[in-house]
Amino acid sequence: MTMQVTTFQDILNALEQNPALRDQLRSHILTEELLQLPAQFVLLRADVDELKNGQTRLEEGQARIEERTQRLEEGQARVEERTQRLEEGQSRLEERQGRLEGSMDRLEGRFGNVEGNLYEQRSANRILARVAFLGIESPQIASSNYGPVRQGFYEAMATAIQGGAISQVEYLDLTDADLIIRGRNSHHAVVEISLGPDEDDIARVVRRSDILHRSTGEEVTPMIATPHPHPAFVQEAEGRQVRVLDIPA
């Protein structure tokens, strides 16, 4: 059946009733690019949706990264806090150890002083017996760090100070000597007593012997008493005219 087309409405009605006719008309009116627009729009829409989905996944991934970063920072803060507590504990431990070592040093020093004092006291009679064979006749203790001082020693020192032979400072230095011995033949000995003698003991006994010699004008022999002296120390002492006495502890 052939349709009569006399008006524009007839054209529209024909297109409504005949889809194939619409497609033919569309292909005559629209260009190839326009005809492909619906399909391209669908693809574009799919791309947009994929981009949105990708953006969403990216944001979710970023959120997870930020969450993990925050946990890491919190963990780092806890580690730093613990490290600080450990360092503070280490400092307190080192401080206590230092105090303990100081106490031990003081305690050892006290024990050493006690032991040295006991050695000095025990050695006095042995030293007197030894110096009797070194040219000091009938030796007697004139002054010591652990016993009374003979009155004659004080008088001799006072006379030396008044006469300008020695100074008050030199007198005080001399009285710090461990042992001063005087023989009946006016031969003296200044003795340093030490469990572990060194160069300072040699210098000290030489200096104090010189003070005593200038005080009395009499012969003075510097001596060091020590248990089992080392040969090298004996050689060094004798090189400065200091006698070394081997006095057992």
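An account of the accompanying structure is given in this report.

About the criteria used
- Residues numbered from 1 in each chain as written.
- Predicted model: local features only at pLDDT ≥ 70, side-chain atom pairs only at ≥ 80, totals over all residues.
- Heavy atoms only, no water.
- Core = buried A, V, L, I, M, F, W, Y, C linked by side-chain atoms within 4.5 Å.
- Buried < 20%, exposed > 50% of the residue type's maximum accessible area, 1.4 Å probe, protein only.
- Helix = DSSP H or I, 4+ residues; strand = E, 2+ residues; numbered from the N terminus.
- Contact = heavy atoms within 4.5 Å.
- Polar contact = N/O pair within 3.5 Å; in protein donor to acceptor, adjacent residues only side chain to side chain.

Concerning the nonpolar core
Here's step 1: Judged by nonpolar contacts, the single largest core of 21 residues is most densely connected at Phe153, Met157, Leu174, Ile180 and Leu212.
Here's step 2: Mapped onto this core, the elements with two or more residues apiece are α4 (151-162), α5 (168-175), α6 (199-216), β4 (219-226) and α7 (231-238).
Here's step 3: Here this core takes four residues from α6, the largest share from any one element.
Here's step 4: Met157 has contacts with Ile166, Tyr171, Leu174, Leu212, Ser215 and Thr216, leaving out every residue within four places of it along the chain.
Here's step 5: By size, the runner-up hydrophobic cluster in this structure holds 14 residues, among which are Leu128, Val131, Ile193 and Ile247.

Examining the side chain of Thr221
Here's step 1: Mapping Thr221 onto the fold places it in strand β4.
Here's step 2: Of note is the side chain of Thr221, whose polar atom sits 2.9 Å from the side chain of His187.

Topic: unusual backbone geometry
Here's step 1: The backbone of Ser138 sits at a positive phi, close to 45°, despite the residue not being glycine.
Here's step 2: Structurally, Ser138 is set in the loop between α3 (32-131) and β1 (140-144).
Here's step 3: Residue classification places Ser138 among the partly exposed positions, given a relative accessible area of 41%.
Here's step 4: We note that His228 has phi near 50°; this positive angle belongs to a residue other than glycine.
Here's step 5: Among the structural elements, His228 can be located in the loop between β4 and α7.
Here's step 6: When its relative accessible area of 66% is taken as the criterion, His228 is described as exposed.

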